[in-house]
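Spelled out, the chains give:
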Amino acid sequence: MSLTDLSSVLWRSRELLELLLFKLEEEQLLLAAGRSRWLSHATREVEVVLDQIRQTEVARAAYAQAVATELHLPAEASLGELADAAPDPWSELLHQHRKAFLTLTSEISSMAEANRDLLTAGQRAARETMLAFAGTVETYGRQGQTVTGGVRRPSLVDEAI
């Protein structure tokens, strides 16, 4: 295990995080455009990337632990601690990886939150539409049973449209 191996797996992690950000943005574009037909495909692609990230994270943890031991640091040393203890040019490279990870995770969190808001707004709009026209909303409960989700409220409909 060496700094070269750790750097290689960190590059792979960065590539996967960038791919995840791209897939989340695709998902957001579909949500914003109301193209729910392809939403399940986009969600499945996000899940595939997340699985690849999990697998890469296992390798990263093993390499980081080995490098920490080589640098006489605790096995659970953070990337920042590894970067501080590593010799040049590895120190600078590890600091760059850390900075990129912080930026990417912030962007991913923001994008995931925006997607969650779009999904919630879409679900709310569909529910209100069903309430307006059908009088009730039937959905499925946690055990798979049909659940009535509300009662009809008075509404105005412009019949000229």
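Please refer to the structure placed before this passage.
Because the structure is predicted, anything quoted here is derived from the model rather than measured.

Enquirer: Explain the overall build of the protein chain to me, please; I cannot follow it from the model alone.
Expert: Scanning the protein chain from N- to C-terminus turns up four helices and two strands. Each helix and strand of the protein chain, placed in order from N terminus to C terminus, yields the pattern α-α-α-α-β-β. When the 161 residues of the protein chain are sorted by exposure, 27% land in the buried category. Sequence separation of 24 or more characterises 53% of the internal contacts of the protein chain that already satisfy a separation of 6 or more. A total of about 10,900 Å² of accessible surface is found on the protein chain, and carbon and sulfur atoms cover 55% of it.

Enquirer: Would you take a moment to explain helix α2 (residues 39-70) for this structure?
Expert: One turn of the α-helix equals 3.6 residues, which is why residues spaced by three or four share an orientation. An ideal rise of 1.5 Å per residue puts 46 Å on 32 residues; α2 measures up with 46 Å between its terminal C-alpha atoms. Buried within α2 are the following residues: L39, A42, V46, V49, T56, A64, A66, V67 and A68. Where α2 terminates, the next one or two residues include H72, which has phi positive at roughly 60°.

Enquirer: Would you mind showing me how to read the packing of helix α1 (residues 3-33) against α2 here?
Expert: Packed helices, taken two at a time, are described by the angle their axes make and the gap between the axes. α2 packs onto α1 with a crossing angle of 160° between their chain directions and a minimal axis gap of 9 Å. Between α1 and α2, the interaxial angle falls into the category roughly antiparallel. Handedness of the α1/α2 crossing: left-handed.

Enquirer: Could you clarify how one ought to interpret α1 in this entry?
Expert: In this model, α1 (31 residues) spans 45 Å end to end at C-alpha, consistent with the 45 Å of a helix rising 1.5 Å per residue. Looking at the residues trailing α1, positive phi occurs at G34, about 70°.

Enquirer: Where do I start with the nonpolar core in this structure?
Expert: Burial of nonpolar side chains together is a common tendency in soluble globular proteins. One finds L6, L82 and L94 to be the most contacted residues of the largest nonpolar core, which totals 24 residues. The set of elements that each furnish at least two residues to this core consists of α1, α2, α3 (79-85) and α4 (90-134). Residue contributions to this core peak at eight residues, all from α1. In this structure, L82 is in contact with L6, A64, V67, A68, L71, L73, A77 and L94, ignoring residues within four places of it in sequence.

Enquirer: Whenever I open this one, unusual backbone geometry confuses me. Can you help?
Expert: Backbone geometry follows two general trends: most residues other than glycine have a negative phi, and most peptide bonds adopt the trans configuration. With an omega of 0°, the peptide bond running from D88 to P89 counts as cis. Locating P89 in the fold gives a position in the loop between α3 and α4. The backbone phi angle of H72 is positive, close to 60°, even though this residue is not glycine. Here H72 is to be found in the loop between α2 and α3.

Enquirer: What is the right way to look at the environment of P87 in this model?
Expert: The residue P87 is located in the loop between α3 and α4 in this model. Relative accessible area serves as the criterion here: at 44%, P87 is assigned to the partly exposed category. Sequence separation between P87 and L71 is 16 residues, and the spatial gap between their C-alpha atoms is 9.4 Å. Ignoring sequence-local partners within four residues, the contact set of P87 consists of L3 and L71.

Enquirer: Honestly, the side chain of K23 in this entry has me stumped. Any pointers?
Expert: Checked against the element boundaries, K23 lands in helix α1. Classification of K23 by relative accessible area gives buried; the value is 14%. Once you skip the residues sitting within four places of it in the chain, K23 turns out to touch E45, V46 and V49.

Rules behind the numbers
- Sequence positions are assigned chain by chain, starting from 1 and proceeding in written order.
- Local features in this predicted model are restricted to residues of pLDDT 70 or higher, and side-chain atom pairs are both shown and tallied only at a pLDDT of 80 or more, whereas totals for entire chains, interfaces and linings draw on every residue.
- With hydrogens and water set aside, each side-chain value is computed from the structure's full complement of heavy atoms.
- Going along the chain from the N terminus, every DSSP run of H or I of four or more residues is numbered as a helix, and every run of E of two or more is numbered as a strand.
- To sort residues, take the accessible area from a 1.4 Å probe on protein chains only and compare it with the maximum for the residue type: under 20% means buried, over 50% means exposed, and anything in between is partly exposed.
- Any pair of residues with heavy atoms lying within 4.5 Å of one another is described as a contacting pair.
- Only the protein chains shown count as cover for residues, and all accessible areas are computed by the Shrake-Rupley method using a 1.4 Å probe.
- Each residue after the first adds 1.5 Å to the expected span of a helix.
- Helix axes are fitted only over the stretch in contact, all axes being lines through C-alpha atoms; the angle between N-to-C directions runs from 0 to 180 degrees.
- To sort the angles, those under 35 degrees are grouped as roughly parallel, those over 145 as roughly antiparallel, those from 65 to 115 as roughly perpendicular, and the leftovers as oblique.
- Note: crossing handedness is left-handed where the near helix turns anticlockwise from the far helix by less than a right angle, and right-handed where it turns clockwise.
- The set of buried Ala, Val, Leu, Ile, Met, Phe, Trp, Tyr and Cys residues whose side-chain atoms join them within 4.5 Å is what this entry labels a nonpolar core.

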